[in-house]
Amino acid sequence: MIKNTFSRKKYFALSRKMESEEEEKRVALPINCPSCSARIAAEALHRNLMVCPKCQHHFSLSARERIDLMVDNGSFQEIDAALSSLDLLDFPGYQEKLEKAWEVSGSREAIITGLATIGGHKLVLGVMESDFMMASMGSVVGEKVCRAVEQAMELACPLLICSCSGGARMQEGMVALMQMAKTSAVLGKFNQAGLLYISLLTHPTTGGVSASFASLADIILAEPGALIGFAGPRVIKQTIGQQLPAKFQRSEFLLEHGMIDLVVERSQLKATLSSLLGLHCGHGDGSYARKRRAKEPSPCPCDGG
Amino acid sequence: MIKNTFSRKKYFALSRKMESEEEEKRVALPINCPSCSARIAAEALHRNLMVCPKCQHHFSLSARERIDLMVDNGSFQEIDAALSSLDLLDFPGYQEKLEKAWEVSGSREAIITGLATIGGHKLVLGVMESDFMMASMGSVVGEKVCRAVEQAMELACPLLICSCSGGARMQEGMVALMQMAKTSAVLGKFNQAGLLYISLLTHPTTGGVSASFASLADIILAEPGALIGFAGPRVIKQTIGQQLPAKFQRSEFLLEHGMIDLVVERSQLKATLSSLLGLHCGHGDGSYARKRRAKEPSPCPCDGG
Amino acid sequence: MVKRQFDYEQRVREIREKLEELNNLSSSMEFDLSREIESLEEKIENNRERRYQNLSPWEKVLLSRHPERPNSNDYISYFCEEWIELHGDRHFGDDTSVIGGIGRFNGQAVTILGYRKGKDTRENLQFNFGMPHPEGYRKIRRLLLQAEKFQRPVITLIDTPGAYPGIGAEERGQAWAISQVLMTLSALEVPVIAVVSGEGGSGGALALAVADRLLMHSNAVFSVASPEACASILWKDLERVEDMARAMKITASDLQELGIVDEIIEEPLGGAHLNFPEMAEKLKKALEKHLEELVSTNRRELLEQRYQKLRKIGEFRE
Amino acid sequence: MVKRQFDYEQRVREIREKLEELNNLSSSMEFDLSREIESLEEKIENNRERRYQNLSPWEKVLLSRHPERPNSNDYISYFCEEWIELHGDRHFGDDTSVIGGIGRFNGQAVTILGYRKGKDTRENLQFNFGMPHPEGYRKIRRLLLQAEKFQRPVITLIDTPGAYPGIGAEERGQAWAISQVLMTLSALEVPVIAVVSGEGGSGGALALAVADRLLMHSNAVFSVASPEACASILWKDLERVEDMARAMKITASDLQELGIVDEIIEEPLGGAHLNFPEMAEKLKKALEKHLEELVSTNRRELLEQRYQKLRKIGEFRE
Ligand SMILES: [Zn+2]
Ligand SMILES: [Zn+2]
């Protein structure tokens, strides 16, 4: 588990109106970039999709903010919103932590799933919520991922999961760890069905999430500078007793080491996703995929909607 | 292409009687081990399967010697013995080289193929002949490999190829290079058929052979100290302009780097092959493979013979 | 003070030595203490039995990490009349912390894959303390696909602190390698039986635990992360590791209750290492029984059952 | 002396510069040499045409290696309205000497894979002179299997001196990586068109040449090993490389005669680099034609044809 990498202030939903004076005031305060220390006006940061205009540091987004940023306006329909964690091991303090997370994040769990369109292409979407217990994976995250995959299979449409996570949720013990196997199994079926799965890795994605659904995608994208790996850097430093290389476990490092397809700046994210979805949906004339579909009918999901 | 790695004296067939006084005399001469310089009596070397008793250096064997060493006595039946190369590009000097190779090696081409049993297990066998133009792969080697694979598919029995080769045969130009693709294609079918292919790499296996049928096996064995790689060490040294690491491209190095399953000493070779064949033929009671076969009839080839 | 190693047997041994000395002394002085000594012996044995029936989860952690605990090599030698180890991932290296190969188990060819710990310093260094790099997981995946091709059942042996947390391991995609094994095992078209024989540490151990049956030694543990890591991360207090071990539900019986473990293999008194033949024979019998069941299940059903088993894990409110 | 670079155009350029100077001088001195100069120009152009129709195999080798020759990046930019490059082998690294990704070609999504040479020193270092390591071949294999999953036709672009002969490349299994690509392509369940656009060097180039159609630029070469290597190994005489280039039958027309190349794409006068748009447009048209044919072939037939095409290569006496 990675600690403290999630420590960030809450900003505001990118496309929602501010609702109270208090919120307006908070928005107005300038923000210090944690990377280059520049003081940035909240408005300017907002306009720049929460990316530092000086050093391109990508600030974390809440799940709702990210959904607003990526999907076609108003297209998101949440599914399985009510799923909520139980203290199944009777683990000291877990119930209180859950209650606090509900309050802080405004979400019922560490992932939000639903249907949406991006550039007109229908898809099923999962976005992890860093404010919810460091987006750790317990029963509910595992179950919601599986249901999202199943939903995409039912609709024969692509799947996009935006990950960030500290790993399996310790408070649910082995049941949490087994969610790695569960999500991998259901993604095995999805892969067999010949459907497209795009994984977007955001800061930070580690542990059980990185070693299961987040890396089992056809195409893997990452935001610039995101920390991505199995073991956390502190554990590694302790184990090997030496300094870690610069940029170790960052997106750009992983690209160089062959683990991801592309590092995508936030400003290019929607366009890139839209293009990838388009290249996989076979709308072009003379498409080989389309030709085959004509013989073995299984229409492109985008044809209808 | 690797040069001079084949330079060795001819010894004698391991299980055949000496036929002339001249041969007897030759056999009697002591031999210098190229690795540890020990003088070894020919008889002693022979008894030790052409392995230096001092340093375990594995002397090269002719194809016939290797077949005698591996298969059950008298079980070998050669196939496609008449296949023979043409000077298809009208390449200067090729015809003369072929004629010389026929004479020197006593074989028609750089691979001998046939049927045999090892430890009672029926299989199709291919053994490359280092004395034939450094066992380079031209049309005939490609064709004989393909026919051996097809023969094994027809009999639904395992395939064993013992490789050693300097690479594709330059005198047949691109037609030789394309044998890499041809043998890989037919092995693709063999793999799809669910049959066992064991590759034994002997000194030296490089170039087009190493990058096609020799490395496409389910199980890859190598003799100790064999040079195995794609590029020859001289080319590499020239390109990078520095010394190569000790043991570079040798069997033990490749084992460490995950490329082969086992390094097998010559004295253990027949036993290892026999065990591997046995573990794959499903004779044991209660075998899952056998159970499945009982339902989907496709009898084990060893059941009959 | 938290105990860092399991020393109960050591203390029993010391007491017995004292009794022996006493016995020798008394016989040289012509006292007859044999009845008293016999009764003391009995008490000790009773105490041992009670003790082992009431091991705390943390004590089981220590026992599962006992340096003399039988390792994968031991079980494989005991099980297999014939065994050929296979090496390498065909990409980068041969990871010695993972053992894999083909064996004849009860007359039947099977693929066995296991994490491998050493028993002394030399072996521990050689096997990297049983902590795999990505090439270990890739060797596993390669041999799994080979088992599938040749329709060989698979047996896995789990005993590892976890995947190795190092620079090279991360550079070469530890997360990617593990996830591929999980996906491959979840749909592998042959029977798979997994055995947690010692320490089951985190995702690195889980990779070999996706199976039709999960067996577990009675003193083995299997946890989402080590109790030490959890205590220091969640409670910032390493001294509370005993409480943490209890809270995390990591013992075989806890995990059977949670529906994760299918059968517990009872260890001999004092742990698997005190009577290895008994332990190995018990495990062999259990494997035989499950193998027979699974081999006679038809393939579609087998896969559907494994899938549903995985798909159902988890508890939540809707 | 053997020519080591193709300098004919250089010399034509020099003659033309002289003519230009002559023209300028004569006009300043009020001679009228325009008719003579025109006639000379015509002669030069005629000579060029004859020259290029009669290039020796070795001159084609030099032309195919011309530093300005269009590379895979150029063709991909010309062909694709939309293009997303994908990176990495998911095991070790991203090999920049191989470019791969998804493009929209004529409205249709295709996977394009190519070796990539640079055009100046910086680019050559960046792309390792177009010589892949095993991770390049593994990226190729990954993207091929992805193309198959999503039923995208594949176009490959071949222009490489060969696989990189280095320590790391051998350590990580160059031979293994190449053989896997050969086997994968031979049975890939989508149409595959390969184009030898420049230098086709040995087995490292062959990996992308297993296809339903093999097209080849008229000045490209494709050989079992470089003529230099063959001359020095077989004849121990590097100076006879021109003869060797001829003996090896490495030109597009030789290879069409041998039944290896299916169609020759005629280059503009002077080579592909002297008129890239013309070259690219010609290739695009040819690709469109073949793609249309292959896409309308049913899958079983497609695979059977590709297999038979490979299976038949070779000549021998029986
Ligand atoms: Zn900044
Ligand atoms: Zn010697």
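Keep in mind it's a predicted model, so treat the numbers as computed, not measured.

(A) Main features of the coordination of the zinc ion (ligand 2). Residue and element names in this part refer to chain B. Surrounding the zinc ion (ligand 2) are the protein donor atoms Cys 33 (SG), Cys 36 (SG), Cys 52 (SG) and Cys 55 (SG), which sit 2.3 Å from the metal. Relative to the metal, the four donor atoms surrounding the zinc ion (ligand 2) lie at angles of 107 to 112 degrees, and the coordination shape comes out tetrahedral. Counting the intervening residues between successive donors of the zinc ion (ligand 2) yields the motif C-x2-C-x15-C-x2-C. Highlighted residues: Cys 36 in the loop between β1 (31-32) and β2 (39-40) and Cys 52 in the loop between α2 (42-47) and α3 (63-70), separated in sequence by 16 residues.

(B) The coordination of the zinc ion (ligand 1), seen in detail. All names here are of chain A. Within the protein, Cys 33 (SG), Cys 36 (SG), Cys 52 (SG) and Cys 55 (SG) serve as the donor atoms for the zinc ion (ligand 1), at 2.2 to 2.3 Å. One can describe the donor arrangement at the zinc ion (ligand 1) as tetrahedral, given that its four donor atoms subtend angles of 107 to 111 degrees at the metal. Mapping the donors of the zinc ion (ligand 1) onto the primary sequence gives the spacing C-x2-C-x15-C-x2-C. For Cys 36, a relative accessible area of 32% corresponds to the partly exposed category.

(C) Local environment of the side chain of Glu172(B). Residues and elements named next belong to chain B. Structurally, Glu 172 can be placed in the loop between β7 (159-165) and α6 (173-192). One buried charge, Glu 172, has no salt-bridge partner; the nearest side chain with opposite charge is Arg 169, at 4.1 Å. When near neighbours in sequence (up to four residues on either side) are disregarded, Glu 172 contacts Ser 85, Leu 86, Leu 88, Leu 89, Tyr 94, Gly 138 and Ser 139.

(D) Broad picture of the interface of chain A and chain C. Counting from both sides, the interface comprises 63 residues of chain A and, opposite them, 49 residues of chain C. Counting the surface chain A buries against chain C, the share from its top three residues, Met170(A), Met174(A) and Phe230(A), is 14%. Linking chain A with chain C are three salt bridges, by the criterion used here. In this structure, the salt-bridge partner of Arg311(C) is Glu150(A), at a minimum N-O distance of 2.6 Å.

(E) Quick peek at the interface of chain B and chain D. At the interface, 63 residues of chain B touch 49 residues of chain D. Of all residues in chain B, the largest losses of buried area upon contact with chain D belong to Met170(B), Met174(B) and Phe230(B), amounting jointly to 14% of the total for that side. Connecting chain B to chain D are three salt bridges. A salt bridge links Arg147(B) to Glu318(D); the shortest N-O distance between them is 2.4 Å. Summed over the shared surface of chain B and chain D, the result is 14 residue pairs in polar contact (both at pLDDT 80 or more). Mapped onto the side of chain B that touches chain D, the elements with two or more residues apiece are β4 (84-85), α5 (139-155), α6, α8 (233-240) and α9 (251-256) of chain B. For the side of chain B that touches chain D, the leading source of residues is α6(B), giving 16 residues. Across the side of chain B that touches chain D, the residue classes tally to 38 nonpolar, 18 polar and seven charged.

(F) Expanded view of unusual backbone geometry. Omega for the bond connecting His203(A) with Pro204(A) falls within 30 degrees of zero, at -20 degrees, which places this linkage in the cis form. Position of Pro204(A) relative to the elements: it lies in strand β8 (residues 197-205). Residue Gln56(B) is not a glycine yet carries a positive backbone phi of 65 degrees. Positive phi values are uncommon outside glycine, yet Phe129(C) reaches one of about 55 degrees. Structurally, Phe129(C) is set in the loop between α5 (121-126) and α6 (134-149).

(G) Quick peek at the pairing of strand β6 (residues 121-128) of chain A. Residue and element names in this part refer to chain A. Burial of β6 is extensive: seven of the eight residues sit out of reach of the surface. Between strand β5 (residues 111-118) and β6, which pair antiparallel one after the other, the connecting turn spans two residues, and Gly 119 there sits at a positive phi close to 55 degrees. Looking at chain direction, β6 and strand β7 (residues 159-165) are connected through four bridges and run parallel. Among the inter-strand pairings, Val 127 is bridged to a residue of β7, identified as Cys 162. Read as a crossover between parallel neighbours, the route from β6 over helix α5 (residues 139-155) to β7 is right-handed.

(H) Examining the packing of helix α6 (residues 134-149) of chain D against helix α8 (residues 174-186) of chain D more closely. All names here are of chain D. Taken N-terminus to C-terminus, the directions of α6 and α8 make an angle of 20 degrees; their axes are 8 Å apart at the nearest point. Classed by the angle they form, the pair α6 and α8 counts as roughly parallel. Taken as a pair, α6 and α8 cross one another with a handedness that is left-handed. In this structure, α6 uses Pro 134, Tyr 137, Arg 138, Ile 140, Arg 141, Leu 144 and Leu 145 to contact α8, whose residues at the interface are Gln 174, Trp 176, Ala 177, Ile 178, Gln 180, Val 181, Thr 184 and Leu 185. Of the residues contributing to the contact of α6 with α8, the split by class is 10 nonpolar, three polar and two charged.

(I) A look at the domain arrangement of chain C. Residue and element names in this part refer to chain C. Domain assignment breaks chain C into domain 1 (8-54) and domain 2 (61-311). Relative placement of domain 1 and domain 2: their C-alpha centres are 38 Å apart. When domain 1 packs against domain 2, close to 370 Å² is buried across both sides, 74% of that on carbon and sulfur atoms. Taken together, the links from domain 1 to domain 2 amount to zero salt bridges. A per-element tally of the side of domain 1 that touches domain 2 places helix α2 (residues 34-53) first, with four residues. When grouped by side-chain class, the residues that make up the side of domain 1 that touches domain 2 number one nonpolar, no polar and four charged.

(J) Structural view of the sheet that holds strand β3 (residues 77-79) of chain B. Residues and elements named next belong to chain B. The sheet built from seven strands is open, its strands ordered β3-β5-β6-β7-β8-β9-β10 with mixed pairing. Among the strands making up the open sheet, the edge pair consists of β3 and β10 (262-263). Of the strand pairs in this sheet, β3 and strand β5 (residues 111-118) are connected by three bridges, and their pairing is antiparallel. Each residue of the ladder has a partner; that of Glu 78, found in β5, is Gly 114. Where α5 meets the sheet, it contacts β3, β5, β6 (121-128) and β7, and its direction lies at approximately 25 degrees from that of β5.

(K) How the structure looks around the nonpolar core. Leu159(A), Met70(B), Leu160(B) and Phe222(C) are the most contacted members of the largest nonpolar core, which totals 165 residues. Here this core takes 11 residues from helix α6 (residues 173-192) of chain A, the largest share from any one element. Viewed by domain, this core spans two of them, domain 1 (8-54) and domain 2 (61-311) of chain C, each represented by three or more residues. Discounting residues that sit within four places of it in the chain, Met70(B) has contacts with Ile118(B), Leu125(B), Val127(B), Leu160(B), Cys162(B), Leu200(B), Leu269(B), Lys270(B) and Leu273(B).

(L) Up close: α6(D). All names here are of chain D. Its 16 residues place the ends of α6 23 Å apart at the C-alpha level, agreeing with the 22 Å of an ideal helix rising 1.5 Å per residue. Within α6, 12 of the 16 residues are buried, leaving the element largely enclosed by the surrounding structure. Turning to α6, its buried residues are Pro 134, Glu 135, Gly 136, Tyr 137, Arg 138, Lys 139, Ile 140, Arg 142, Leu 143, Leu 144, Gln 146 and Ala 147. Where α6 terminates, the next one or two residues include Gln 151, which has phi positive at roughly 50 degrees.

(M) Region of interest: the pattern of salt bridges. Evaluation of the coordinates by the stated rule reveals 80 salt bridges over all chains. Where Asp218(A) meets Lys149(D), a salt bridge forms, and the shortest distance between an N and an O atom there is 2.8 Å. Taken as a pair, Asp218(A) in the loop between α7 (207-210) and β9 (219-222) and Lys149(D) in helix α6 lie in two separate chains rather than in one. The network of salt bridges with shared partners includes Asp80(A), Glu143(A), Arg147(A), Glu150(A), Lys182(A), Arg311(C) and Glu318(C).

(N) Structural view of the packing of aromatic side chains. Considering all chains together, one arrives at 21 aromatic pairs over all chains under this definition. Ring centres of Tyr75(C) and Phe276(C) lie 5.3 Å apart, and the angle between their planes is 65 degrees; on these two criteria the pair is classed as edge-to-face. With Tyr75(C) in helix α4 (residues 72-79) and Phe276(C) in helix α13 (residues 276-295), this pair connects stretches of sequence that are 201 residues apart. Ring centres of Tyr8(D) and Tyr52(D) lie 5.6 Å apart, and the angle between their planes is 85 degrees; this geometry places the pair in the edge-to-face category. Here the residue Tyr8(D) occupies a position in helix α1 (residues 8-28), and Tyr52(D) occupies one in helix α2 (residues 34-53), the gap between them amounting to 44 residues. Here the aromatic residues Tyr75(C), Tyr78(C), Phe79(C), Phe105(C) and Phe276(C) are joined through ring pairs into a cluster of three or more. A cation sits over an aromatic face here: Arg51(D) above Tyr8(D), 5.1 Å from the ring centre.

(O) Expanded view of a nonpolar patch on the surface. Taken together, the side chains of Leu25(D), Met29(D) and Phe31(D) make up a nonpolar region of the molecular surface, amounting to roughly 360 Å² of accessible area. Overall, the relative accessible area of 52% leaves Leu25(D) in the exposed class.

(P) Seen up close, the environment of Arg311(D). When you line up the elements, Arg311(D) lands in helix α14 (residues 299-311). Under the relative-accessibility criterion, Arg311(D) is labelled buried at 12%. Not counting residues within four places of it along the chain, the set of residues in contact with Arg311(D) comprises Glu143(B), Cys146(B), Arg147(B), Glu150(B) and Lys182(B). Here Glu143(B) takes part through its side chain, which lies 3.0 Å from a polar atom of the side chain of Arg311(D).

The rules behind the values
Residues numbered from 1 in each chain as written. Chains lettered and ligands numbered in written order. Predicted model: local features only at pLDDT ≥ 70, side-chain atom pairs only at ≥ 80, totals over all residues. Heavy atoms only, no water. Donors = N, O, S within 2.8 Å, 3.2 Å for Na, K, Ca; no water. Tetrahedral: all angles 85-135°; square planar, octahedral: opposite > 155°, others 65-115°. Helix = DSSP H or I, 4+ residues; strand = E, 2+ residues; numbered from the N terminus. Buried < 20%, exposed > 50% of the residue type's maximum accessible area, 1.4 Å probe, protein only. Lys, Arg positive; Asp, Glu negative; His and termini not counted. Salt bridge = Lys/Arg side-chain N within 4 Å of Asp/Glu carboxyl O. Contact = heavy atoms within 4.5 Å. Buried area = accessible area lost by both parts, 1.4 Å probe. Polar contact = N/O pair within 3.5 Å; in protein donor to acceptor, adjacent residues only side chain to side chain. Nonpolar A, V, L, I, M, F, W, Y, C, P; charged D, E, K, R; others polar. Pairing = 2+ DSSP bridges. Right-handed = clockwise from strand over helix to strand, strands pointing away. Axes fitted to C-alpha atoms, helices over the stretch in contact; angles between N-to-C directions. Parallel < 35°, antiparallel > 145°, perpendicular 65-115°, else oblique. Left-handed = near helix turned anticlockwise from the far one by under 90°. Domains from an automatic or database assignment. Core = buried A, V, L, I, M, F, W, Y, C linked by side-chain atoms within 4.5 Å. Expected span 1.5 Å × (residues − 1). Phe/Tyr/Trp six-rings, centres within 6.5 Å; stacked < 30°, edge-to-face > 60°. Lys NZ or Arg CZ within 6 Å of the ring centre and 35° of its normal. Patch = residues over 30% accessible without salt bridge, like charges linked within 9 Å, V, L, I, M, F, W, Y side chains within 5 Å. Areas by Shrake-Rupley, 256 points an atom, 1.4 Å probe, with all protein chains shown as cover.

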